[in-house]
Amino acid sequence: DYRRYLTIDGNKTVELDYSVFVTRAIYHYNDMHYDKDPYQIPSAIDLLTSLGVVEESEIRNIIKYQINCMIGASSQYRVPAPKRIGVFKNVPMSADNLKKFRNLILDHHGWIEDFFCSGQGLKFQFVESEICKKILLYSVDRQVPVLPIHDSFITSEDNSDWLKEAMVCAYERELSFEPTIH
């Protein structure tokens, strides 16, 4: 909430974000171009809608959360139960529906299915940290203040073009594809 009030040397700031970093990075790591929104899964959206979820942002957050859990899990048995951590609070998600939901995600992302529930999510967290390190080293060399926040970076408005260029360069050096940045 406070990010919009940040200033650097009295100047307004901007935040640039790698859009859907981990999922896209997995596609790019496997030499596959992917610029769609990986959370737009029509069959999963239909299932959630049938369970009473109607708000688009909530649907997106549920799918995003589930994909990231599945990428980070070391096996299908290690994916956290959504109720245990407060997701799907108002959604009647039975074990059967949850299994169906996860299978719809796997079907949609079949090209990278082997990266779900495989323990390889940590590998992409490391890739993300290497990209972040490159951006911060570029900023030190250029003497441009940059604040990293996961897969986004904040700098002064007058350095926003430079930051976007640095983010593209660091990502391309690591994964050989142009990233999607917002």
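Above this text sits the structure in question.
Residues numbered from 1 in each chain as written. Predicted model: local features only at pLDDT ≥ 70, side-chain atom pairs only at ≥ 80, totals over all residues. Heavy atoms only, no water.

*Asks:* So what exactly am I meant to see when it comes to the overall build of the protein chain here?
*Replies:* In terms of helices and strands, the protein chain carries six helices and four strands. When the elements of the protein chain are put in sequence order from the N terminus, they spell out β-β-α-α-α-α-α-β-β-α. Along the longest, intermediate and shortest principal axes, the C-alpha atoms of the protein chain span 55 × 35 × 25 Å. Each of the 182 residues in the protein chain was classed as buried or not, and the buried ones make up 45%. A separation of at least 24 residues holds for 67% of the contacts in the protein chain among residues at least 6 apart in sequence. Accessible area for the protein chain stands at about 10,700 Å²; split by element, carbon and sulfur atoms hold 49% of it. (Helix = DSSP H or I, 4+ residues; strand = E, 2+ residues; numbered from the N terminus. Buried < 20%, exposed > 50% of the residue type's maximum accessible area, 1.4 Å probe, protein only. Contact = heavy atoms within 4.5 Å. Areas by Shrake-Rupley, 256 points an atom, 1.4 Å probe, with all protein chains shown as cover.)

*Asks:* What am I meant to see in the environment of threonine 180 here?
*Replies:* Locating threonine 180 in the fold gives a position in the segment after helix H6 (160-175). Looking at threonine 180, the relative accessible area reads 23%, which means it is partly exposed. In this structure threonine 180 touches Asp17, Tyr18, Ser19 and Arg24, once residues within four positions along its chain are discounted.

*Asks:* I'm lost on helix H5 (residues 121-142) in this one. Help?
*Replies:* Working note: α-helix, 3.6 residues per turn, so residues spaced by three or four point in the same direction. If you check H5, its first and last C-alpha atoms are 32 Å apart, about what 22 residues at 1.5 Å a residue would give, namely 32 Å. Where H5 is concerned, the buried positions are Gly121, Phe124, Val127, Glu128, Glu130, Ile131, Cys132, Ile135 and Ser139. Looking at the buried positions of H5, the neighbouring elements they touch are helix H1 (21-29), helix H3 (56-72), strand S3 (147-149), strand S4 (152-156) and H6. Taken from the residues just after H5, glutamine 143 is the one with a positive phi, measuring 60 degrees. (Expected span 1.5 Å × (residues − 1).)

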